[in-house]
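# Notes for the structure review
Residue-level listing of the chains:
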Amino acid sequence: MSLLLDIKQRNAVLSDMAQLLEQERTAILAANKIDLDSYSGDDLAMRDRLKVDQEKIDGMILSLQQLAAQDDPLGVERFSFTHDNGMHVSNKTAPFGTILIIYESRPDVTIEAAGIAFKSGNKILLKGGKESLNSNLFLVDLWHKALEANEADTNWVTYLQFNRTETQAFLEKPDQKIDLIVPRGGERLIAFVKEHATCPVIVSGRGNNFVYIDHEADLEMAIDIIINAKTTKISACNALDKVLVSSDLPRKQQFLQHLIQELQKSDVEILADEAISGMEGTKTIDDEQIWYEEFLDYKIAIGQSSDIEDAISKINTYGGGHSASIITANSKTAEYFMNNVDTAAVYHNASTRFTDGGQFGLGGELAISTDKLHQRGPIGLQHLVTNKWYVKGDGQTRK
């Protein structure tokens, strides 16, 4: 592990990276076009994540600028205590050391996630998917230019050009110390990493997010939220997949007909349980496993819940532990729902699409964790640290 870079040096690297991205827009898009033209799959979410456009470059630049402006997350005192013998004991934040990020498709991870890890004082190993190789290699080359311009070793950011077999071997017996692994991708990738890793793994898990429409819901608000959460970005882990409707919802049939019509405008395939199936524009759910599935597609499942306890039970059974929302005018009902639903983020009268480090005021995210240790939900700059105990004495010994 290289010696820790001071905060001025880390910020300078981030600022220079932002400038390089601005200068190299055309080259970035050209590298990404090679990847897009080579991608032969029919996975809509994968293609959407793979694509880099001017808006995505804007987002990468902004994330680096925001990171450079944020306070140093290292050396922050979390606890202080003076022992009876005069020793001063304190606990401060410290870097993990080396973080391996394994990800599919998303070239922006090469900038945004790596930027957060770097600002937190960590050495970064990047293992992207073969579908985004040209984009990733070009962006890593920019990292190296920014590091060299600030007299920092280029091994602070390293790209691992491994195939699946080589990746497995590296996870099981790495040739260098790895302190933390963050897989960013589908369930198969996460399962692969957890099976073979020999160090802690932060699971950036599946979405499969739910919205519950309470009997006291504002129905127009409910439709707006559902359409937003489902259709604005199907490749996002915070997109909506399941809707549960209270059995005693007033004007339930009219609401469902309106909702179906609005979803059809975006060509969303609508699956429905037995209580709702039969309505025009829906297909009957014939396999209960569908409730566990994260769609990442223009598809949604709608079901009925007998009451709020039934809705909570279904969400906690089938959901991915990511996000859930309740639409209701009753604040006590909302509080009950939010306290009992077991997800990283819970919402009242808002779209699940806000589960995002930038939207939550973190200035970006390394991942959105569905684990409960050591940080749940969006992992921002201030969360990508461990801690260290500092003990200062003047000759004390323990009896």
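Conventions and cut-offs
Residues numbered from 1 in each chain as written. Predicted model: local features only at pLDDT ≥ 70, side-chain atom pairs only at ≥ 80, totals over all residues. Heavy atoms only, no water. Pairing = 2+ DSSP bridges. Helix = DSSP H or I, 4+ residues; strand = E, 2+ residues; numbered from the N terminus. Axes fitted to C-alpha atoms, helices over the stretch in contact; angles between N-to-C directions. Contact = heavy atoms within 4.5 Å. Parallel < 35°, antiparallel > 145°, perpendicular 65-115°, else oblique. Left-handed = near helix turned anticlockwise from the far one by under 90°. 1 Å grid on protein atoms, 1.4 Å probe; cavity = no way out; pocket = protein on both sides within 12 Å on 5 of 7 lines; lining within 4 Å. Points joined across faces, edges and corners; volume = space filled by probe spheres on them. Nonpolar A, V, L, I, M, F, W, Y, C, P; charged D, E, K, R; others polar. Buried < 20%, exposed > 50% of the residue type's maximum accessible area, 1.4 Å probe, protein only. Right-handed = clockwise from strand over helix to strand, strands pointing away.

## Considerations on the sheet that holds strand 3 (residues 98–103)
Here four strands make up an open sheet; going across it, the order is 5-4-3-6 and the pairing parallel. Looking along the sheet, the strands with just one partner apiece sit at the ends: strand 5 (157–159) and strand 6 (180–184). Mean inter-strand twist for the sheet, computed between neighbouring axes without regard to direction, equals 20 degrees. Here strand 3 pairs with strand 6 via five bridges, running parallel. Residue pairing in the sheet places Tyr103 in a bridge with Arg184 of strand 6. Of the strands in this sheet, strand 3, strand 4 (123–127) and strand 6 touch helix 5 (residues 109–119), which is tilted by about 160 degrees from strand 3. Across the sheet, helix 7 (residues 164–172) lies against strand 3, strand 4 and strand 6, angled at about 150 degrees from strand 3, the strand it touches most.

## Comments concerning the packing of helix 2 (residues 25–38) against helix 4 (residues 54–69)
Close contact between helix 2 and helix 4 brings their axes to 11 Å; oriented N to C, the two are set at 120 degrees. Judged by the inter-axis angle, helix 2 sits oblique to helix 4. The way helix 2 lies across helix 4 gives a crossing that is right-handed. Contacts from Arg25, Ile28 and Leu29 in helix 2 reach Gln54, Ile57, Asp58 and Ile61 in helix 4.

## Things to note about the sheet that holds strand 13 (residues 345–348)
An order of 10-9-11-8-7-12-13 is seen for the seven strands of this open sheet, with the pairing classed as parallel. Looking at strand neighbours, the two that pair on one side only are strand 10 (283–284) and strand 13, the edges of this open sheet. Relative to strand 12 (residues 323–327), strand 7 (residues 209–213) runs parallel, the two being bridged by four bridges. Bridge assignment links Tyr212 to a residue of strand 12, and that residue is Ile326. Sheet contacts for helix 9 (residues 219–231): strand 7, strand 8 (240–246), strand 11 (299–305) and strand 12; angle to strand 8, the most-contacted strand, approximately 160 degrees. Set on the sheet, helix 10 (residues 252–264) makes contact with strand 7, strand 8, strand 9 (269–272) and strand 11; between it and strand 11 the angle comes to about 170 degrees.

## Considerations on the layout of surface pockets
Here the largest pocket is characterised by a volume of approximately 1300 Å³. Listed by contribution, the elements that provide at least two residues to the lining of the largest pocket are helix 3 (44–50), helix 4 and helix 5. Tallying contributions element by element places helix 4 first for the lining of the largest pocket, with six residues. Grouping the constituent residues of the lining of the largest pocket by class yields 11 nonpolar, 17 polar and 17 charged.

## Let's talk about the pairing of strand 4
Of all the five residues making up strand 4, five are buried; the element is thus mostly covered by neighbouring parts of the structure. With burial as the criterion, each face of strand 4 is covered, one bearing Lys123, Leu125 and Lys127 and the other bearing Ile124 and Leu126. Sheet analysis places strand 3 next to strand 4, joined by five bridges and oriented parallel. Its bridge partner being in strand 4, Thr98 is matched across the sheet by Lys123. Each parallel crossover has a hand, and for strand 3 linked through helix 5 to strand 4 it is right-handed. Pairing of strand 4 with strand 5 involves three bridges; the strand directions are parallel. Paired with Leu125 across the two strands is Thr158, which belongs to strand 5. The parallel pair strand 4 and strand 5, bridged by helix 6 (residues 133–149), forms a crossover whose chirality is right-handed.

## Details of unusual backbone geometry
Cis peptide bonds are those with omega within 30 degrees of zero, and the linkage from Leu373 to His374 qualifies with -5 degrees. Along the chain, the position of His374 falls in the loop between strand 14 (368–369) and strand 15 (377–378). Phi is positive for Arg251, which is not a glycine, with a value near 55 degrees. You can see Arg251 is positioned in the loop between strand 8 and helix 10. Residue class for Arg251 comes out exposed when judged on its relative accessible area of 56%. Positive phi outside glycine occurs at Leu296, with the angle close to 50 degrees. Note that Leu296 resides in the loop between strand 10 and strand 11.

## Quick word on helix 5
Of all 11 residues that make up helix 5, 10 are buried, and the element is covered over most of its length. Within the sequence span of helix 5, burial applies to Val109, Thr110, Ile111, Ala113, Ala114, Gly115, Ile116, Ala117, Phe118 and Lys119. Buried residues along helix 5 sit in contact with helix 1 (7–23), helix 4, strand 3, strand 4, helix 6 and strand 6. A positive backbone phi angle near 85 degrees is found at Gly121, which sits one or two residues after helix 5.

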